[in-house]
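The chain contents come next:
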Amino acid sequence: MKALSAAERRRRRTLFVMAILAVLSTLIFGLFQKSGQNVTYGFTLDKEWVLIQQWVISSRTASLLFGVISVLASAVAFLQFRAGRTIGLASGIGSAGIMMSFLSWAAAGKFIPFTGLLQGALLLSVPLIFGSMAGVLSERSGVVNIAIEGQLLAGAFVSGVVASLTHSTFLGLVVAPLAGCLISTLLAVFAINFSIDQIILGFVLNVLVYGITDFLYKKLLIPYQSTWNSGPTLAAIKIPLLWKIPIVGPILFDQSIIVYLMYGVIFFINFSLFKTKWGLRTRAVGEHPTAADSVGIKVNRLRFMNVMIAGMVAGLGGAYFTVGGVGAFNKEMTAGKGFIALAALIFGRWTPWGAVSAALLFGFADNLQSVLGIIGTPIPSEFMLMVPYLATVIAVTGFVGRVRAPAADGTPYKRGESH
Amino acid sequence: MSLELRGISKSFGALLANDSIDLRVETGEIHAILGENGAGKSTLMNIVYGLVAPDKGEILVDDVVKNIKEPSDALASGIGMVHQHFMLVPVFTVAENIVLGHEKSGFAGILDLNEARERIKKVSDQFNFDVNPDDLIEGLPVGVQQRVEIIRALIYDAKVLILDEPTAVLTPQETDDLLKIMKQLKEDGTSIIFITHKLREVKAVADRITIIRRGKVVGTASPDASQNELASLMVGREVELAPDKGAHAIGDVVLKVEGLTIRDAVGRALVNNVNFEVKAGEVLAIAGVQGNGQSEVARSMVNLEEHVEGSIILDGSEVIGKSVRESLHAGIAFVPESRELDGLIGSMAIAENLILDLHDLPPYAKGIQMSPSVVLAEAEKRKEEFDIRLQSVNDPVSSLSGGNKQKVVLARELSRPVKLLVASQPTRGLDVGSIEFVHKRILEERDAGRAVLLFSTELDEVLALADRIAVMYRGEILAIVPSGVTAQELGLLMAGVVHA
């Protein structure tokens with residue numbers, strides 16, 4: 001047998017784990033489950049075209065069915081791996097099968113609003129996606145951005161307050177990126193111009209934003225709530241026709257303007273990073289700034305610009321908490337989402353689509369636990385909350401893949417110092 | 001295109017790196033700049049390339065004064081540079097690296113690499129470079145990466161090409177290839193500034209030689225000058241290039257290695273069934289092109305490798321299975337391949353680095369307390385003995401030059417009772433003066449009856465020091481030959497050719 005590369009061994013190991021999980025879920029959720037209870041999946045939310053209203057099936061049968069699908073998918077993935085082909089689709093089906101097998105077991109005798117589950121997952125992912133896109137922008141050019149949390153919170157605060165004062169969601173949306181940009185400009189000035197340690201700096205900025213917003217919330221927003229903290233919120237906009245597509249429509253195309261902006265941000269960043277001159281230069285200064293400098297690229301200017309844009313993206317994501325959500329600002333309402341965005345960035349290996357997938361996964365796990373909490377299941381819903389973080393730890397320790405940050409991430413660039 | 005430098009001066013704090021340097025490079029000439037490490041060659045070239053601003057002086061291209069403030073100005077004036085540490089992004093392809101900074105884009109700002117691909121192919125074919133524009137840099141051998149740098153300079157119309165220590169990272173074969181390429185480029189009309197401290201290469205290709213010492217031009221020479229003349233100019237005193245190997249008595253076997261196999265984490269054998277022995281008073285050189293398993297063998301001598309099979313017997317007792325510390329204390333002095341990474345702790349004081357191996361033992365420590373005065377006294381003593389040039393033994397070791405760092409490593413390793421000296425690439429990156437010192441010291445150890453195991457990729461060094469030479473190729477010892485072998489024969493063996 002030929003020697004496998006490190007990446008191949010890693011993929012084989014991942015496949016192996018997936019196959020074991022598939023077999024286990026077939027056995028535990030399928031075979032060993034007492035029969036007799038049904039699970040009901042709902043597929044409609046609104047007045048979209050109906051493909052299927054709901055699906056009632058014996059919980060045991062469903063678990064068995066999805067378990068067997070995941071086992072088969074694992075087997076196919078393994079054969080594809082042996083043949084040297086890509087295994088993406090098969091392993092995707094395999095993991096989804098395991099998930100569904102579990103869900104059918106956990107929700108025995110209950111109703112699961114399937115479309116709602118996914119829609120909620122997307123909504124919970126929105127700030128994570130904005131945050132991780134901000135991370136991609138700044139870290140790909142070589143500046144560690146721990147301050148995503150602060151940028152989100154600043155965006156949330158400022159957009160909430162401005163929207164409340166002006167009664168305009170539009171103005172709220174416009175100022176949010178500026179607030180995020182302000183924080184990231186601080187990051188850029190100290191990290192790039194003064195070479196301060198970026199981890200410590202980012203952390204300090206987060207604490208700073210926590211402190212300022214807490215103070216203003218207590219002294220201004222609570223006492224004068226009706227003028228300062230009762231902003232309007234964005235309404236959902238149904239994209240004509242698209243929103244009527246069964247299942248997919250209500251999830252993707254019945255959202256507020258922020259979510260549509262998010263789609264644009266993802267596509268634009270992914271395109272720019274890998275297809276344009278700006279992207280090539282950004283990746284170059286993040287990997288080997290000395291080389292970029294030697295061909296006439298202004299390393300620190302490009303980094304500065306990217307960090308500022310990153311702040312705008314995160315700030316816009318912050319607006320999702322206030323004008324995009326409940327309207328009023330609440331103390332520390334980002335609640336660590338900026339750090340989870342950072343985890344999504346790492347889990348997604350510093351690529352835009354990787355980070356989006358990770359953010360969606362985290363959002364799904366988050367929503368699943370709240371849905372399971374509401375309908376009441378055999379396992380504590382808090383357990384589900386652990387899953388994304390567990391997955392991140394596993395990813396970062398190199399089980400799913402060797403995670404390689406941009407080579408110069410976190411290293412200030414000064415001409416004349418060796419790289 | 002000609003390049004002229006007039007009165008270039010640059011100081012970094014109190015250090016005068018360049019002291020009114022004048023230099024003229026003619027069209028189609030290979031002009032070598034010879035100087036020891038720290039002589040100011042690299043600073044001078046960084047000034048020419050716009051990476052460092054000079055305090056004084058001017059740069060003339062074709063007798064016109066040019067204002068070069070940025071690398072882009074240098075490129076625009078037709079000056080290209082191949083840096084000692086390559087300026088290539090490892091995760092980019094050849095084409096991406098070459099367009100970087102000069103990108104062409106088409107519809108919607110999409111990068112267009114096609115033109116670059118074609119030009120790379122054209123240059124690559126013209127000079128037989130064998131470079132594929134879509135290969136990832138990190139997968140390419142060092143010699144090929146260097147050619148990518150040369151292609152980049154040529155594509156951007158460099159008429160003066162600066163090569164900064166280009167052979168420091170190359171194998172002997174790659175070096176020969178590069179020297180050929182330099183001659184080809186010269187015939188094509190390109191002027192080349194060749195920065196080096198390797199005399200053999202200078203004599204092989206240079207048309208003229210300028211020698212720089214301590215920031216000043218100390219003379220020019222023609223390539224007909226003897227190596228000894230050049231070396232003396234460079235160092236400023238007489239140097240002995242080929243150390244005197246006196247007669248000596250060879251004693252009993254000190255080190256016996258049998259069936260040594262070293263695997264990587266996946267289980268592939270990096271070193272496969274290697275057998276050799278070293279006697280007291282003998283230098284066994286293990287020669288080979290970098291990456292043929294020598295580094296692993298060297299590291300296994302003090303148990304720095306995992307997945308080791310076979311036996312390493314030092315003076316009758318097994319080394320494998322001991323801790324690194326036990327191996328060192330069993331009588332092995334170990335000079336690692338990279339003194340900066342594995343030999344020294346850069347940010348710690350010279351005095352501390354000198355006693356790293358014994359820091360917790362008397363007289364340097366009493367119980368849990370260190371004895372700084374003893375440490376300092378010892379450092380002063382070793383400074384004299386090993387001629388370490390330093391300002392204060394309390395300075396961080398990273399402030400020293402390469403040669404002096406290596407002296408610190410040697411001073412530490414040879415201050416224990418030693419039976420076997422394992423020296424891995426002991427003169428890599430050192431200047432002539434330091435090489436002379438290290439070679440002398442190694443031969444002194446041999447003459448004092450110690451066994452020496454020398455790992456080196458430098459043919460000249462192997463031939464000068466070894467009593468016997470083992471050549472490693474793809475993890476195996478291809479042959480063990482006596483020291484009388486010629487450089488050609490040795491070169492062939494290193495390339496894996498065993499003749500009948």
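Residues numbered from 1 in each chain as written. Chains lettered and ligands numbered in written order. Predicted model: local features only at pLDDT ≥ 70, side-chain atom pairs only at ≥ 80, totals over all residues.

### Side note on the overall build of chain B
- Of regular secondary structure, chain B possesses 17 helices and 22 strands.
- Here the C-alpha radius of gyration of chain B, 25 Å, is about what a compact globule of 500 residues would show, namely 23 Å.
- Oriented by its inertia axes, the alpha-carbon framework of chain B measures out at about 70 × 50 × 50 Å.
- Contacts in chain B between residues far apart in sequence, at least 24 positions, make up 66% of those at least 6 positions apart. (Helix = DSSP H or I, 4+ residues; strand = E, 2+ residues; numbered from the N terminus. Rg over C-alpha atoms; globule rule 2.2 N^0.38 Å. Contact = placed C-beta atoms within 7 Å.)

### Re the environment of A:Val174
Residue and element names in this part refer to chain A.
- With respect to the helices and strands, Val-174 occurs in helix H6 (residues 169–193).
- A residue is classified by how many C-beta atoms lie within 10 Å of it, and Val-174, with 15 of them, is partly exposed.
- Spatially, the C-alpha atom of Val-174 lies 9.3 Å from that of Ala-319, the residues being 145 residues apart in sequence. (Buried ≥ 20, exposed ≤ 12 C-beta atoms within 10 Å, placed from the backbone.)

### Let's talk about the sheet that holds strand E2 (residues 15–25) of chain B
Residues and elements named next belong to chain B.
- The four strands lie next to each other as E2-E1-E4-E5, forming an open sheet whose pairing is antiparallel. The open sheet terminates on both sides in strands that have one partner only, identified here as E2 and strand E5 (64–66). When the angles between neighbouring strand axes are averaged without regard to direction, this sheet yields 30 degrees.
- In this sheet, strand E4 (residues 56–61) lies alongside strand E1 (residues 3–12) in antiparallel orientation, the contact comprising five bridges. Residue pairing for E4: Glu-4 is matched across the bridge by Leu-60.
- Against the sheet, helix H1 (residues 41–48) makes contact with E1, E2 and E4, and its axis sits at roughly 115 degrees relative to E1, the strand it touches most. (Pairing = 2+ DSSP bridges. Axes fitted to C-alpha atoms, helices over the stretch in contact; angles between N-to-C directions.)

### Quick look at the domain arrangement of chain A
All names here are of chain A.
- Domain annotation for chain A reports domain 1 (6–109) and domain 2 (116–396).
- Between the C-alpha centres of domain 1 and domain 2 the distance comes to 31 Å.
- Listed as interface residues are nine residues of domain 1 and, on the opposing side, 15 residues of domain 2.
- Of the residues that constitute the side of domain 1 that touches domain 2, the class distribution is seven nonpolar, no polar and two charged. (Domains from an automatic or database assignment. Nonpolar A, V, L, I, M, F, W, Y, C, P; charged D, E, K, R; others polar.)

### Quick look at the interface of chain B and chain A
- Each partner contributes to the interface: chain B provides 22 residues, whereas chain A provides 18 residues.
- If one sorts the elements of the side of chain B that touches chain A by residue count, helix H2 (residues 71–76) of chain B sits on top with three residues.

### What to know about the sheet that holds strand E6 (residues 79–82) of chain B
Residue and element names in this part refer to chain B.
- Taken in spatial order, the six strands make up an open sheet running E6-E7-E8-E3-E9-E10, and their pairing is mixed. With partners counted over all chains shown, the strands left at the sheet margins are E6 and strand E10 (216–221), one partner each. For this sheet, the mean inter-axis angle between neighbouring strands, taken without regard to orientation, is 20 degrees.
- The pairing of strand E9 (residues 208–213) with E10 spans five bridges and is antiparallel. Along E10, the bridge assignment pairs Ile-209 with Ala-221.
- Docked against the sheet, helix H5 (residues 142–155) engages E6 and strand E7 (160–164), running at close to 175 degrees with respect to E6.
- The sheet strands contacting helix H6 (residues 172–187) are strand E3 (30–34), E7 and strand E8 (191–196), and the helix crosses E8 at an angle near 150 degrees.

### Remarks on helix H11 (residues 277–287) of chain A
- Of all eleven residues in H11(A), eight are buried, a share of seventy percent or more.
- Every buried residue of H11(A) is listed here: A:Leu280, A:Arg281, A:Thr282, A:Arg283, A:Ala284, A:Val285, A:Gly286 and A:Glu287.
- Its buried side turned inward, H11(A) meets helix H4 (114–140), helix H10 (257–275), helix H12 (289–294) and helix H13 (299–319) of chain A together with helix H3 (94–99) of chain B.

### Remarks on the pairing of strand E12 (residues 269–279) of chain B
Residues and elements named next belong to chain B.
- Sheet analysis places strand E11 (residues 253–263) next to E12, joined by seven bridges and oriented antiparallel. Counterpart to Lys-256 in the pairing with E12 is Glu-277.
- Linking E11 to E12, which pair antiparallel, is a turn of five residues; within it Gly-267 sits at a positive phi near 105 degrees.

### Details of the domain arrangement of chain B
Residue and element names in this part refer to chain B.
- Taken domain by domain, chain B comprises domain 1 (3–235) and domain 2 (253–331 + 417–494).
- Here the C-alpha centre of domain 2 lies 35 Å away from the C-alpha centre of domain 1.
- With nine residues of domain 1 in contact, the opposing surface of domain 2 contributes ten residues.
- Per-element accounting of the side of domain 1 that touches domain 2 gives the leading share, three residues, to helix H8 (residues 227–235).
- Grouping the amino acids of the side of domain 1 that touches domain 2 by side-chain chemistry returns five nonpolar, three polar and one charged.

### Considering the packing of H10(A) against H11(A)
Residue and element names in this part refer to chain A.
- Two elements in contact, H10 and H11, have axes separated by 5 Å at closest approach and are oriented at 75 degrees. The angle between the axes of H10 and H11 places the two elements in the roughly perpendicular class. When H10 is examined against H11, the residues Ser-272, Leu-273, Phe-274 and Lys-275 are found in contact with a partner set consisting of Trp-278, Gly-279, Thr-282 and Arg-283.
- Here the residues of the contact of H10 with H11 sort into three nonpolar, three polar and two charged. (Parallel < 35°, antiparallel > 145°, perpendicular 65-115°, else oblique.)

### Comments concerning unusual backbone geometry
- With omega at 5 degrees, the peptide bond leading from B:Pro362 into B:Pro363 counts as cis.
- Here B:Pro363 lies in the loop between helix H12 (350–354) and strand E17 (365–366).
- In this structure, A:Trp350 is a non-glycine residue whose phi angle is positive, near 65 degrees.
- The residue A:Trp350 is located in the loop between helix H15 (337–347) and helix H16 (352–375) in this model.
- Classification of A:Trp350 as buried rests on a count of 22 C-beta atoms within 10 Å.

### So, the packing of helix H5 (residues 148–166) of chain A against helix H7 (residues 198–221) of chain A
Residues and elements named next belong to chain A.
- Contact geometry for H5 and H7: axes closest at 8 Å, N-to-C directions at 25 degrees. Taken together, the axis directions place H5 and H7 in an arrangement best described as roughly parallel. Considering the relative orientation of H5 and H7, their crossing is left-handed. Residue-level inspection shows Glu-149, Gly-150, Leu-153, Ala-154 and Phe-157 of H5 in contact with H7, the latter providing Leu-205, Asn-206, Leu-208, Val-209, Tyr-210 and Thr-213.
- Residue composition of the contact of H5 with H7, grouped by class: seven nonpolar, three polar and one charged. (Left-handed = near helix turned anticlockwise from the far one by under 90°.)

### Details of helix H15 (residues 432–447) of chain B
Residue and element names in this part refer to chain B.
- The end-to-end C-alpha distance of H15 is 22 Å, a good match for the 22 Å that 16 residues give at a rise of 1.5 Å each.
- Residues Val-432, Ser-434, Ile-435, Val-438, His-439, Arg-441, Ile-442, Glu-445 and Arg-446 constitute the buried set of H15.
- Of the surrounding secondary structure, the elements contacted by the buried residues of H15 are H8, strand E13 (283–287), helix H14 (402–413), strand E19 (420–424), strand E20 (451–456) and helix H16 (459–465).
- Of the residues trailing H15, Gly-449 is marked for its positive phi of about 90 degrees. (Expected span 1.5 Å × (residues − 1).)

### Details of the confidence of the model for chain B
Residues and elements named next belong to chain B.
- Taken over all residues, the pLDDT of chain B has a mean of 88, while the share at 70 or more is 99%.
- At the low end of the mean pLDDT range in chain B sits helix H17 (residues 487–494), at 82; at the high end sits E19, at 95.
- The complex model carries a pTM of 0.80, and its ipTM stands at 0.83. (pLDDT = per-residue confidence, 0-100.)

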